[in-house]
Amino acid sequence: MRKNSIKNTRINGEVQRELSQLISREIKDPRIHPMTSVVAVDVAPDLKHAKVYISVLGNEQEQKNTLAGLRSAAPYMRGQLAKSINLRNTPELIFIIDQSIEYGVNMSHLINEVTKDLQEDNKESDDSMTE
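Throughout, a residue's number is its position along its own chain's written sequence, starting from 1. Totals for whole chains, interfaces and linings use all residues, but because this is a predicted model, local features are given only for residues with pLDDT of at least 70 and pairs of side-chain atoms are given and counted only at 80 or more. The side-chain quantities take in all heavy atoms of the structure and omit both hydrogens and water.

### Points about the packing of helix α1 (residues 6–26) against helix α2 (residues 60–84)
And step 1. Taken N-terminus to C-terminus, the directions of α1 and α2 make an angle of 125°; their axes are 10 Å apart at the nearest point. Between α1 and α2, the interaxial angle falls into the category oblique. Relative to α2, α1 is oriented so that their crossing is right-handed. Of the residues in α2, those touching α1 at V15, E18, L19, L22, I23 and E26 are L70, Y76, M77, Q80, L81 and S84. With axes taken as lines fitted to C-alpha atoms, and helix axes fitted only over the stretch in contact, angles between N-to-C directions fall between 0 and 180 degrees. Here a helix means four or more residues in a row that DSSP labels H or I, a strand means two or more in a row labelled E, and each is numbered from the N terminus. Here the angle decides the label: under 35 degrees means roughly parallel, over 145 means roughly antiparallel, 65 to 115 means roughly perpendicular, and every other value means oblique. Whether a crossing is left-handed or right-handed is set by the direction in which the near helix is turned from the far one by less than a right angle, anticlockwise for left-handed and clockwise for right-handed. Any two residues having at least one pair of non-hydrogen atoms within 4.5 Å are treated as being in contact.

This is the structure:
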């Protein structure tokens, strides 16, 4: 199976959906932050490993704690995946923190600040022209 085949893409989506449900509903580890989401899953073509990209809405310590909690729950989640998804091999889960959502939120705040400053500058220049 090739890396970007339709079958691999479908498997990635199915594993992502199942892991999202497991993390939000079944895993009760207090280290795992409630605002944890599975951003993407990249299952190797041989189905031996799966890189799971997660996003945690919180500070750096909460992200580290969540990563530790997910790594300790990985064998359980792998077993649940084996029960719910019928694959030849159930992949070993490798969790990776993804900063893309946090980066996007920060960029959005920066853009809002710049546009707010521009609007204030335009308002001031309009007021000075009318006087």
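### Some words on the pattern of salt bridges
And step 1. Each reported salt bridge corresponds to a side-chain nitrogen of Lys or Arg within 4 Å of a carboxyl oxygen of Asp or Glu. Tallied over the full model, the rule gives four salt bridges.
And step 2. A salt bridge links D29 to R31; its shortest N-O distance comes to 2.8 Å.
And step 3. With a relative accessible area of 18%, D29 lands in the buried category.
And step 4. Whether a residue is buried, partly exposed or exposed follows from its accessible area with a 1.4 Å probe, protein chains only, as a fraction of its type maximum: under 20%, in between, or over 50%, in that order. Looking at R31, the relative accessible area reads 38%, which means it is partly exposed.
And step 5. With its nearest N and O atoms 3.7 Å apart, the salt bridge here joins E60 to K64.

### What to know about α1
Every α-helical turn comprises 3.6 residues, leaving residues that sit three or four positions apart pointing alike.
And step 1. Helix length check: α1, at 21 residues, gives a terminal C-alpha distance of 29 Å against a target of 30 Å (1.5 Å per residue), a fit within 8%.
And step 2. Taken residue by residue, α1 has N8, I11, N12, V15, E18, L19, L22 and I23 as its buried positions. All buried residues of α1 lie within an arc of 140° about the axis, which places them on one face of the element. Exposed side chains of α1 directed beyond 90 degrees from the buried face belong to I6, R10, S24 and R25.
And step 3. Turning to α1, the residues buried within the fold contact β1 (36–43), β2 (49–56), α2 and β3 (92–97). Here the expected span of a helix is defined as 1.5 Å times the quantity of residues minus one. To be clear, the arc concerns the directions from the helix axis to the C-beta atoms.

### Here we look at the nonpolar core
A general feature of soluble globular proteins is that nonpolar side chains tend to end up buried together.
And step 1. Within this scheme, the nonpolar core is defined by two criteria: the residues are buried Ala, Val, Leu, Ile, Met, Phe, Trp, Tyr or Cys, and they are joined through side-chain atoms within 4.5 Å. Of all hydrophobic cores here, the largest spans 24 residues; its most connected members are L19, M77 and F95.
And step 2. Residue assignment for this core shows that the elements contributing at least two residues are α1, β1, β2, α2 and β3.
And step 3. Top element by residues in this core is α2. It accounts for six residues.
And step 4. For M77, the residues in contact, after removing those within four places along its chain, are L19, L22, I23, I27, L70, L93 and F95.

### Re the sheet that holds β2
And step 1. A sheet is described by the order of its strands in space; here three strands give the open sequence β1-β2-β3, paired in mixed fashion. Edge positions in the sheet fall to β1 and β3, since each of these pairs with one other strand and no more. Neighbour-to-neighbour, the strand axes of this sheet turn through a mean angle of 30°, independent of strand direction.
And step 2. When β2 meets β3, the two strands line up parallel, connected through six bridges. Bridged to H49 within β3 is E92.
And step 3. Against the sheet, α1 engages β1, β2 and β3, with an angle of about 150° to β1.
And step 4. Each of β1, β2 and β3 touches α2; the most contacted strand, β3, lies at about 160° to it. Note on pairing: two strands pair once DSSP finds at least 2 bridges between them.

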